[in-house]
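Each chain, written out:
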Amino acid sequence: MRQLIFTSALAGLDRGRSGFCTVARHASLRARTVAELEKMSAYEPPEGTRPTVFLFRVYSGGSEPLYILTRAGDAGTDPFGRPNCVVHHLIFRRDEIVRLFPPAETALRFRGWCEKFEGPPRFLPEDESLPPEILRGDGESLLPARRWKELTGDAGNAALLCPRGDPRSTVFVGDDFMTGEVLGLFAESAETLGAANAWEVAFSTGICSKKGAGRFLWRMVGERELAVRHPGDFILDFLAPLSVLRAPKTAFAEFARTGKMPPTDDDGFPLGEDDDADETADSAVPPPLASAPAGKAFAAGVPAKGDAERKRFADIAGTAKFLGISALVVAVVVFGVLLWNPFPRRAAESAPAAIAGTVSAEKDAASVRRGILEARIREGDFAGAAEAWLSFAEAFPQEAEKLRQTHWPRFRLKTPGAYAARVARRLALLDAGGVWTQEEKMLVAADLAMFRRVCRELELTPGLVQKKNAAVFERAEAALAAAGTEKD
C-alpha cells in the first residue's frame, strides 16, 4: 500500500511549489501516477457545504491497475487564510486487495486517515506493511448483511445494488451524517459480488467536484444534488419511507441474508424459483450491467429503448386498471353507507357537544406537538427532535405511527451526533483542566440517561452509532464514574 496526501501548505514536496500541492507521498509512485492523483484531488463541493467524502476508483494508466481509495474533507483555513482541505489517497496493487475487505469496509477500518496535515513535507517510508486492521482474517465475511438488516429490516436488500451478481448504477439520496452508514451498506453489497469483483465498483459518498460527480457507479447525493444522475440510475431514497424497498428474489439476496450462496440457474435465480414472479417483484430494476473487464471500474448502463417503451406502456396500463378497480370499490362502499345510514347529518348533529369539543382539543394538541417536532427538525436540533418525538409518540401513538416513515428517517440517525456534541461541550471543561460542578455532573448524567432512552425508542443499535460518537459517551461515562456520580 502506498499513500499520497494533498493539501494547501507554504511549501510542497516538490521544490518551488506551494498552495494546493502534494505534501507527503511514497517515493516509489511514478510521476505520471502522482500527476493523475493530484487531478483527482479537487475538492469543490456544492456551495455552502464542506462534507467529508470517501471515493473509490480504479486507475489503469500503467502496466497494471491501481486501486485508489480516497478520503477528502475540510481542514479549516490554510496559511494564506483560504478554506483548506486534505485529500488522502491510499493506492493498492492487485496482489494486495485479495487480502482485504471490500474498499468501503477498508475505508471504515483504516485508522490512519489524515484529517489535517502537520509538519514539513516528506516522503513516506517504503517498507510499510498493510495495516493489520484492514486485513481480512481466514473465513471472515461481511455476510449476512447486518447493516442492511438493521437499517431496512431485510438483509436481502443488500442485493438491490447488484440483484443478479452485476452491480447497477445506483444513486443514494441521503445527508452527510449518513457517510459511515452508507460505507457499511456499500461494503456489504460489494461482498455479495465475491472477492474478485468487490474491488471493481467505483463509488462516492458525496460530491467532491461537479466535474466527476457522475463517474461513480454507486454514489450518494443530497436532495438538491439529485439531478446528478443518469437516465438508467436506480434511486434509493433514504430520506423517504424505507418500507417500499423490496429485495430481488435472486440467489444473491439469499446470499446477503444467510452468507451462503444457494444453487442458481444461468440468470442468477435460485433453482426452482419462478422467473416470471421475480421479474414482477423486481420490475423497477433497470437491466443488469455487464461484468466489467479485469482492472476496469464498472460503468453505468442505460436500458434499451424498446425495453423502456414496453415498460412505460405496461406501467400506464397497470395504473389505469388499478384506478378503475379503485373507483368501483369506492362507489360500492358509498352506496352501502347511504343505504344503511340514510340520516348521517342528523346523527352527527345529535352527538354531544362535549365529545366534539374533546376530539377538537386532542387534534389541536397533536397539531401543536407535531409542529414542535417539525420545527426542531428544520432547525437542525436533532436531540430536541428526538425528545419531541418521544413525547409526541407517548401522547398520540396513532398520529405518531402515521408520521413514522415521514419524519423518523430524517433525524433518528442524526440523533447520536447531536447528543455527542452536547456531551462533548461539557467534556471540553475537563479537557481544559477544569472541574465539573455538581450541577454539571447532573446535566451530563441526564444527557446520557436521555440518550439511552432515545436509543431504545428509536431502535438505535450500537452498529448505528458512529465510533467517534460512541467514544464521547464512553469518556463521559468514565468521567462520571471517576467523580462517583450515579449515572441513572
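Under the annotation held in an unreviewed UniProt entry, the protein carries the name GTPase-associated protein 1 N-terminal domain-containing protein and is attributed to Candidatus Spyradosoma merdigallinarum.

> Could you give an account of the packing of helix H15 (residues 438–457) against helix H16 (residues 467–483), naming the residues involved and the relevant values?
Running from N to C, H15 and H16 point in directions that differ by 135°, and their axes come no closer than 11 Å. In terms of their interaxial angle, H15 and H16 are classed as oblique. In this structure, H15 meets H16 at a crossing whose hand is left-handed. Residues Lys441, Val444, Ala445, Leu448, Phe451 and Arg452 of H15 form the contact with H16, whose participating residues are Phe473, Ala476, Glu477, Leu480 and Ala483. A per-class count over the contact of H15 with H16 returns 8 nonpolar, no polar and 3 charged.

> Can you break down the pairing of strand S10 (residues 234–237) residue by residue, with the values?
Going residue by residue along S10, you find Phe234 and Leu236 tucked away on one face and Ile235 and Asp237 left uncovered on the opposite face. Bridge analysis of strand S7 (residues 170–173) against S10 gives 4 bridges, and the strand direction is parallel. Residue Val171 lies in a different strand from S10, and its bridge partner there is Ile235.

> Could you give me a rundown of the pattern of salt bridges, with the residues and numbers involved?
Scanning all chains against the criterion turns up 20 salt bridges. A salt bridge links Arg17 to Glu38; the nearest nitrogen and oxygen atoms lie 3.2 Å apart. Taken as a pair, Arg17 in the loop between strand S1 (2–9) and strand S2 (19–26) and Glu38 in helix H1 (residues 31–39) lie far apart in primary sequence, 21 residues in all. Look at Arg17 and you get partly exposed, because its relative accessible area is 31%. Here Glu38 falls in the buried class, since its relative accessible area comes to 18%. Note that Asp175 is salt-bridged to Lys414, the shortest N-O span being 3.0 Å. Separated by 239 residues along the polypeptide, Asp175 in the loop between S7 and helix H5 (179–191) and Lys414 in the loop between helix H13 (397–411) and helix H14 (415–431) bring together distant segments of the chain. Classification of Lys414 as buried rests on a relative accessible area of 17%.

Cut-offs applied
Residues numbered from 1 in each chain as written. Predicted model: local features only at pLDDT ≥ 70, side-chain atom pairs only at ≥ 80, totals over all residues. Heavy atoms only, no water. Axes fitted to C-alpha atoms, helices over the stretch in contact; angles between N-to-C directions. Helix = DSSP H or I, 4+ residues; strand = E, 2+ residues; numbered from the N terminus. Parallel < 35°, antiparallel > 145°, perpendicular 65-115°, else oblique. Left-handed = near helix turned anticlockwise from the far one by under 90°. Contact = heavy atoms within 4.5 Å. Nonpolar A, V, L, I, M, F, W, Y, C, P; charged D, E, K, R; others polar. Buried < 20%, exposed > 50% of the residue type's maximum accessible area, 1.4 Å probe, protein only. Pairing = 2+ DSSP bridges. Salt bridge = Lys/Arg side-chain N within 4 Å of Asp/Glu carboxyl O.

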